[in-house]
Amino acid sequence: MTIDAQPFMQVKGLKKYYNVQNQTLKAVDNISLDISEGETVGLVGESGCGKSTVGRAMIRLNEPTGGELVFKGEDMLKMRGNRLKQLRREVQMIFQDPYASLNPRMAVEDIVAEGLDIHHLAKGKKRKERVLELLDLVGLDEEHRNRYPHEFSGGQRQRIGIARALAVNPKFIVCDEPISALDVSIQAQIVNLLKSLQQRMGLTYLFIAHDLSMVKYISDRILVMYLGNRIELASSEALHAKPLHPYTQALLSSIPIPDPNFKKRERIVVSGDVPSPLHPPSGCVFRTRCPRVMDKCQEKVPEWKEVQSNHFVACHLYE
Amino acid sequence: MSTIIEVKNLAVSFHTYGGEVQAVRGVSFSVPRGSTVAIVGESGCGKSVTAKAMMQLLSCPPAEYKGGEILFNGEDILQKTERQMERIRGNEMGMIFQDPMTSLNPTLTIGRQITEGMMKHRAFNGKEAKEEAIQLLHLVGIPQPEQRFDQYPHEFSGGMRQRVMIAISLACQPELLIADEPTTALDVTIQAQILQLLKKLQEEMGTSILLITHDLGVVAETCDYVVVMYAGVVVESGTAEEIFANAQHPYTKGLLQSIPRLDQQRAQALRPIIGSPPDLMDPSPGCPFYARCEQAMRICKNHHPTLEHVNGEHYSSCWLRHPMAQVVR
């Protein structure tokens, strides 16, 4: 078997449980996902659905309770020592909050070069050259390298965060809500930057977000999560054109559309709040808020089924 | 239609170590009675400062009102004493803040926080206030209001807390409700619930709403009029239909283009606005959008554009709209 036949990144039955007050909190329960090289997969859900936990597990920032992570054919969870350090160069992360994720006491040059220093990739003149190259790549000026994070706006800080992630030449980047803290006019700048970097450097992204319109725009495929469970997986076009799961339908219809003539459309507003993950509902986790709930939903957990080609959903409506 | 509040040439500055920041520089707009008006703009454009000035909530210093007037039912808010303001705040004007996690007092039950205003402004006794509060909780969609009345903010989720905030702000049936990014901290499904609730309450109680937001989608779905702010000035204003269908100012156009449309193809690149907003420590005498504007002309650099009439209630502050400007196609 050649490397090419392997999916780039394979998540198999990923579980992450936490112990809270002697109870088990299932933050992520049985998530499986294959990502091909060069692809962007969007991961969508409301706060607390476990999307960031999945993203962090995929670059080994937390240790999953169960399941397998296979990166280019190699079991990621078995990596130790030097191999793990090597992995840190191949997978990187861009964080949500550009205000909290940069050390305020480090100059931009040192922030961007931290990865280079840790992995002994460049020193002295070469290090400076590489930093300038990276700053140029993300659209910052040469003179910015001696400044400190507080001197930059949110969008510029996010660019610094992207330069830092790119410094070690990663293959796979987890973008954890990289634009949700930014202003509208700046969001588009960052999304365009991420897209052009992907084309130039052949990057693979996991793009975590709660803003469905932007996710649709950047992703090839989208996985929707709810309360730690997978709900629906489809190509971004199919998911928007014909969402199958009532939760996805509600999510999509909740996005306010910037066009006043759209006001009259029928809106599905789900009632209530997300239940506590400490006491998830029996059967289907969404049944407490589902507008199309049936008796069956309480008793049985819906199966993950391929309803149309490459369109998966976990819902009793499609059995 | 009469106006409930009218802001005329408002200017507010902040004194900082670095110098004077001119956060709001001559803002004018009005809210017609019973309608919803949105102030749209990016962080630092002065939209929240304007909202806070309307209730005199800015602490002076560091803030300083540099000029202008705010006429609420014909009386200038900025001339009121603190004691007079106390009678207005919460009673005639209510405010919903952005962050439901931090704007409730964690040491008081939510019942206490809802009834506070009623007992102060409407001279209710404890029992009357409790009954009214429970009705309000019911109105904003909180299940089991009798039990919830005695609970503390930490026992509520984000969406529920925002509902409590709305209940507090409605406790005295204010004529004007100022909502500063009421749904920004919430998930989309909860945001839809809250927006629907505000709309319903407006229909039932006839409240006028001033909504401060950066989300153009929220604006399109809920508002009658839109005021677009940039770097402390109003660049464009008009009815929601006009602004979305017939935007004139390059900044408004840029904002609309930088959000992906549902029918947009993925291969099509988004069109962001290049650069970032100007420094308000030393604003240029010309158009604040000059440095980022694709259609900037020589005059824009040193001369601030006048507010030009487009049609109906639609105004745009841009030299391109000036009668002597060349027609741009």
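Quick caveat, the model's predicted, so the values are computed rather than measured.

(A) A look at the UniProt feature "domain: ABC transporter" (unreviewed entry) in chain A. With numbering aligned to this structure, UniProt lists the feature "domain: ABC transporter" (unreviewed entry) at residues 9-252 of chain A. Helix makes up 39% of residues 9-252 of chain A and strand 27%, whereas the separation of the span's terminal C-alpha atoms amounts to 28 Å.

(B) Main features of helix α3 (residues 108-118) of chain A. Residue and element names in this part refer to chain A. When α3 is considered as a whole, its buried residues turn out to be V108, E109, I111, V112, A113, G115 and L116. Buried-residue contacts for α3 involve α4 (124-137) and α5 (154-166). Once α3 finishes, H120 follows within two positions and takes phi at roughly 50 degrees, a positive value.

(C) How the structure looks around the pairing of strand β12 (residues 311-314) of chain A. Residues and elements named next belong to chain A. Both strand β10 (residues 229-235) and β12 contribute to a ladder of two bridges, which runs antiparallel. Bridge assignment links L233 to a residue of β12, and that residue is F312. Where strand β11 (residues 304-308) folds back on β12, the antiparallel hairpin that results is connected by two residues, among which N310 adopts a positive phi of roughly 60 degrees.

(D) Layout of the sheet that holds strand β3 (residues 36-40) of chain B. Residues and elements named next belong to chain B. Ordered in space as β6-β7-β8-β3-β9-β10-β12-β11, the eight strands form an open sheet in which the pairing is mixed. Of all the strands in the sheet, the pair left with one neighbour each is β6 (93-96) and β11 (307-311). When the angles between neighbouring strand axes are averaged without regard to direction, this sheet yields 20 degrees. Relative to strand β8 (residues 208-213), β3 runs parallel, the two sharing five bridges. Opposite V37, over in β8, you have L210 as the bridge partner. Against the sheet, helix α6 (residues 158-170) engages β6 and β7 (176-180), with an angle of about 170 degrees to β6. Packing against the sheet, helix α10 (residues 250-257) makes contact with β9 (225-230) and β10 (233-239), and its axis sits at approximately 100 degrees to β9.

(E) Region of the structure containing the pairing of β11 of chain A. As paired elements, β11 of chain A and β12 of chain A share four bridges and run antiparallel to each other. Among the inter-strand pairings, E306 of chain A is bridged to a residue of β12 of chain A, identified as F312 of chain A.

(F) Spatial organisation of the UniProt feature "domain: ABC transporter" (unreviewed entry) in chain B. Within this numbering scheme, the UniProt entry marks residues 5-256 of chain B as carrying the feature "domain: ABC transporter" (unreviewed entry). The distance from the first to the last C-alpha atom of residues 5-256 of chain B is 28 Å, and the span holds 38% helix and 28% strand.

(G) Structural view of the interface of chain A and chain B. In this complex, chain A contributes 40 residues to the contact, which on the side of chain B involves 42 residues. A combined buried area of about 3,600 Å² lies between chain A and chain B, and 54% of that area is made up of carbon and sulfur atoms. Contact with chain B buries area across many residues of chain A, yet V184, Y217 and P258 of chain A alone supply 18% of it, more than any other trio. At the boundary of chain A and chain B, one finds zero salt bridges. Across the chain A-chain B interface, the total number found is two residue pairs in polar contact (both at pLDDT 80 or more). Of all the elements in the fold, those that place two or more residues in the side of chain A that touches chain B are α6 (184-201), α7 (212-218), α8 (236-241) and α9 (246-254) of chain A. Of the residues forming the side of chain A that touches chain B, the biggest block, eight residues, is contributed by α6 of chain A. In terms of residue class, the side of chain A that touches chain B is made up of 15 nonpolar, 13 polar and 12 charged.

(H) Fine view of the state of the cysteines. All names here are of chain A. Under the criterion given, the structure shown has zero disulfides over all chains. Distance from the sulfur of C290, which forms no disulfide, to the nearest cysteine sulfur (C297) is 6.2 Å. Free cysteine: C297, not disulfide-bonded; nearest cysteine sulfur from C284 at 5.8 Å. Taking the relative accessible area as the measure of exposure, C297 reaches 9% and is therefore buried.

(I) Summary view of the sheet that holds strand β5 (residues 74-75) of chain A. Residue and element names in this part refer to chain A. A sheet is described by the order of its strands in space; here four strands give the open sequence β2-β1-β4-β5, paired in antiparallel fashion. Bordering the open sheet on either side are β2 (23-35) and β5, each of which pairs with just one other strand. Sheet topology note: the strand β4 (residues 66-71)/β5 ladder contains two bridges and is antiparallel. Across the sheet, the residue bridging to V70 is D75, located in β5.

(J) Structural context of α6 of chain B. All names here are of chain B. Spanning 13 residues, α6 covers 18 Å between terminal C-alpha atoms, matching the ideal 18 Å at 1.5 Å per step. Most of α6 sits out of view: 12 of its 13 residues are buried. Every buried residue of α6 is listed here: G158, G159, M160, R161, Q162, R163, V164, M165, I166, A167, S169 and L170. On its buried face, α6 is in contact with β6, α3 (110-121), α4 (126-139), β7 and α7 (188-205).

What counts, and where the lines are drawn
Position labels on residues start from 1 in each chain and follow its written sequence. In the order they appear in the text, chains get letters beginning with A and ligands get numbers beginning with 1. Reporting of local features is limited, given that this is a predicted model, to residues whose pLDDT is at least 70; pairs of side-chain atoms are given and counted only at 80 or more, and all residues count toward the totals for whole chains, interfaces and linings. By convention in this description, side-chain values take in all heavy atoms of the structure and omit both hydrogens and water. UniProt positions are given in the numbering used here, feature names are shortened, and annotations may be inferred rather than shown by experiment. To qualify as a helix, a DSSP run of H or I must reach at least 4 residues; to qualify as a strand, a run of E must reach at least 2; elements of each kind are numbered from the N terminus. Each residue is assigned to one of three classes by its accessible area relative to the maximum for its type, calculated with a 1.4 Å probe on protein chains only: buried under 20%, partly exposed between the two thresholds, exposed over 50%. We call two residues in contact when some of their heavy atoms are within 4.5 Å. Strand pairing is defined by DSSP finding a minimum of two bridges between the two strands. For helices, the fitted axis covers only the stretch in contact; all axes are lines through C-alpha atoms, and the angles between them, taken along N-to-C directions, range from 0 to 180 degrees. For any pair of parts, buried area is found by adding up, for both, the accessible area (1.4 Å probe) each one loses once the two are put together. Salt bridges are counted wherever a side-chain nitrogen of Lys or Arg sits within 4 Å of a carboxyl oxygen of Asp or Glu. Any pair of nitrogen or oxygen atoms within 3.5 Å is treated as a polar contact; in protein, a donor-acceptor pairing is required on top of that, and neighbouring residues in sequence qualify only through side-chain atoms on both sides. Gly is put with the polar residues, along with every residue not named as nonpolar or charged; the nonpolar set is Ala, Val, Leu, Ile, Met, Phe, Trp, Tyr, Cys and Pro, and the charged set is Asp, Glu, Lys and Arg. Only a pair of cysteine sulfur atoms within 2.5 Å counts as a disulfide in this structure description. How far a helix is expected to stretch is found by multiplying one less than its residue total by 1.5 Å.

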